[in-house]
Each structure stands twice: as C-alpha cells, then as structure tokens.
Amino acid sequence: MSHTLGVRQAQKQKTRQALLDAALQLLEEQSLSSLGLREVTRAVGVAPTAFYRHFRCTSDLGVALVEEALGSLHTTLAALLSTVGDGEERIAAAVDLIAAYVREHPAHVRFIAREQHGGVKAVRAAIGGQLALFAQEVKGQFAREPEAAGWAEDDLLMLARMYVDHMVMTASALLAAGPEEAERVADTARRQLRLISVGRHHWLDGG
C-alpha cells in the first residue's frame, strides 16, 4: 500500500511541476492575468479538472511560480553575504550571482519582472513578500558588520532595500540586454553598487 501511495504522490508532484513549467512557458508571451487554466492543462495534456487538484486558480499557480523563482535564492544570498567581505569582492560576486541566475532562469526573471507590478494582487503580494524577506536578510548581515555601528534600524533596512531593488533592476536590465551589451550592463551595476557602498561608509559623517 505504501508503495502505491508513493507512486501516486510522485505522479501528482510530476503533474504539478508540469503545470508550472507549461504556465511559465506560456507566460513568455503574456501576463498572468490573461492566462487561462485551459491553456495550461492543454499544454500538459490533462483535463481542466486536473488543474484543481494542484491549484485553486491561476493566481494560486502564480504564487507557486514566485516561490519557485525566488525561494531558492535565499540560501544563495545568505552564502554570498556571509562568505564574501565588503568592497570590490562582494560587489563583483553579487553582480556575477545575478548574471548567472538570469542566464540559467530567464523565464523566471521575465515572469517576476512582468508580474511585480502586474494585475494579479496575490502574485504582487507574493513577490513583495519575497523581496521584503531578502531585505531583512541583507539587513541582518549588515547589522553584524563594523560599518553598521551607530546606524539606526530603519536606516539599515533602507540600505538593504536599496541593495535588493538594485538586484531586481540589474536582473531586468541583463534580461533585456543582448550578449554584446551584457558586460556593459554588468559594469554599470558594479559601479552603481560601488556608489551605494561609498554612501554607506559616509552616511554618518554629517550626523
């Protein structure tokens, strides 16, 4: 019996992933608000009723795509922040991380860029929640560093949000850039982070 349940669970997970993959592919050319569940189930080759065994609606599917796109990045970001020191090394590593993610997951980046301000409230909220969590994680690391001495909590969070917003902006710019433009975009991103870093080190000079 347990073997049968295991097989069924594996098949259910396989179908769920197939629905997510099909939706992501369809969303290359349209927004989530215009996506119909029948389009998704047709692409997978299952009956429309099968959709509801995995998701309540297309908004629910969209939230799952947000988790798929951003959820795994928390561990990667934590490793980057904890192992790379401040200055040029961290800046270069951060931009390299973004560039690698865009190369490996362009459809996910396109989905986030489009839906961050899209028409589906639940998905906007899910993206905002993930980005807010990233900001808290960055803030937590900054708070442990010597440069944070004397900083107010709100100012540290503001700084962390600047870094997260910059990551999103850079990912969108790299996605839109052709191969010949990618290095120029990456160089601009490194210079922008350098400017933020300079401001960080002098934030308290006039206080």
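So, here is what we can say about the structure in this document. (Residues numbered from 1 in each chain as written. Predicted model: local features only at pLDDT ≥ 70, side-chain atom pairs only at ≥ 80, totals over all residues. Heavy atoms only, no water.)

**Some words on the overall build of the protein chain**
Working step 1: Of regular secondary structure, the protein chain possesses 10 helices and zero strands.
Working step 2: The N-to-C order of helical and strand elements in the protein chain reads α-α-α-α-α-α-α-α-α-α.
Working step 3: Over its C-alpha atoms, taken along the principal directions, the protein chain stretches across nearly 65 × 45 × 30 Å.
Working step 4: Split into buried and exposed, the 207 residues of the protein chain put 41% on the buried side. (Helix = DSSP H or I, 4+ residues; strand = E, 2+ residues; numbered from the N terminus. Buried < 20%, exposed > 50% of the residue type's maximum accessible area, 1.4 Å probe, protein only.)

**Notes on the side chain of D60**
Working step 1: Take D60: it is sitting in helix α4 (residues 58-70).
Working step 2: Taking the relative accessible area as the measure of exposure, D60 reaches 18% and is therefore buried.
Working step 3: With sequence-adjacent residues up to four places away left out, D60 is seen in contact with H54 and F55. (Contact = heavy atoms within 4.5 Å.)

**Regarding the pattern of salt bridges**
Working step 1: In this structure the tally under the stated criterion is eight salt bridges.
Working step 2: Residue R184 is joined to E181 by a salt bridge in which the shortest nitrogen-to-oxygen separation is 3.8 Å.
Working step 3: One salt bridge connects E183 with R190, and the closest N-O pair in it is separated by 2.5 Å.
Working step 4: For R190, a relative accessible area of 16% puts it in the buried group.
Working step 5: Each member of the salt-bridge network shares a partner with another, and the members are R90, E145 and R200. (Salt bridge = Lys/Arg side-chain N within 4 Å of Asp/Glu carboxyl O.)

**Observations regarding the layout of surface pockets**
Working step 1: Quantified by volume, the largest pocket comes out at close to 190 Å³.
Working step 2: What lines the largest pocket is a set of 13 residues, and nearest its centre among them are A99, R103, L174, A182 and E183.
Working step 3: For the lining of the largest pocket, the element with the most residues is helix α6 (residues 88-104), which contributes five residues.
Working step 4: Its residues assigned to classes, the lining of the largest pocket comprises eight nonpolar, one polar and four charged. (1 Å grid on protein atoms, 1.4 Å probe; cavity = no way out; pocket = protein on both sides within 12 Å on 5 of 7 lines; lining within 4 Å. Points joined across faces, edges and corners; volume = space filled by probe spheres on them. Nonpolar A, V, L, I, M, F, W, Y, C, P; charged D, E, K, R; others polar.)

**Regarding a nonpolar patch on the surface**
Working step 1: A cluster of nonpolar side chains, M158, M162, W203 and L204, forms an exposed patch at the surface whose accessible area comes to about 360 Å².
Working step 2: According to the relative accessible area criterion, L204 is partly exposed, its value standing at 36%. (Patch = residues over 30% accessible without salt bridge, like charges linked within 9 Å, V, L, I, M, F, W, Y side chains within 5 Å. Areas by Shrake-Rupley, 256 points an atom, 1.4 Å probe, with all protein chains shown as cover.)

**Some points on empty space enclosed by the protein**
Working step 1: The tally for this structure, following the rule as stated, stands at two cavities of 30 Å³ or more.
Working step 2: Quantified by volume, the largest cavity comes out at close to 310 Å³.
Working step 3: Residue lining of the largest cavity: 19 residues in total, with L70, L73, Y101, M167 and A171 positioned closest to the centre.
Working step 4: Secondary structure elements with two or more residues in the lining of the largest cavity: α4, α5 (73-83), α6, α7 (106-115), α8 (121-143) and α9 (153-176).

**Regarding the packing of aromatic side chains**
Working step 1: Per the counting criterion, the structure on display carries four aromatic pairs.
Working step 2: Relative to F55, the ring of F51 lies with its centre 5.6 Å away and its plane at 45°, an arrangement referred to as tilted.
Working step 3: On the numbers, 5.1 Å between centres and 70° between planes, the contact of F142 with Y163 is edge-to-face. Here F142 is found in helix α8, whereas its partner Y163 is found in helix α9, with 21 residues between them in sequence.
Working step 4: These aromatic residues form a ring-pair network of at least three members: F51, Y52 and F55.
Working step 5: Positioned over the ring face of F142 is R200, at 4.3 Å from the centre of the ring. (Phe/Tyr/Trp six-rings, centres within 6.5 Å; stacked < 30°, edge-to-face > 60°. Lys NZ or Arg CZ within 6 Å of the ring centre and 35° of its normal.)

**So, the nonpolar core**
Working step 1: Grouped together as the largest cluster of nonpolar side chains are 60 residues, with contacts concentrated most on L65, V66 and F111.
Working step 2: Ranked by the residues each element gives to this core, the list is headed by α9, at nine residues.
Working step 3: If sequence neighbours within four positions are ignored, V66 has contacts with G71, F111, I112, V123, A126, I127 and Q130. (Core = buried A, V, L, I, M, F, W, Y, C linked by side-chain atoms within 4.5 Å.)

Read these as layout, nothing more, since geometry by itself doesn't imply function.
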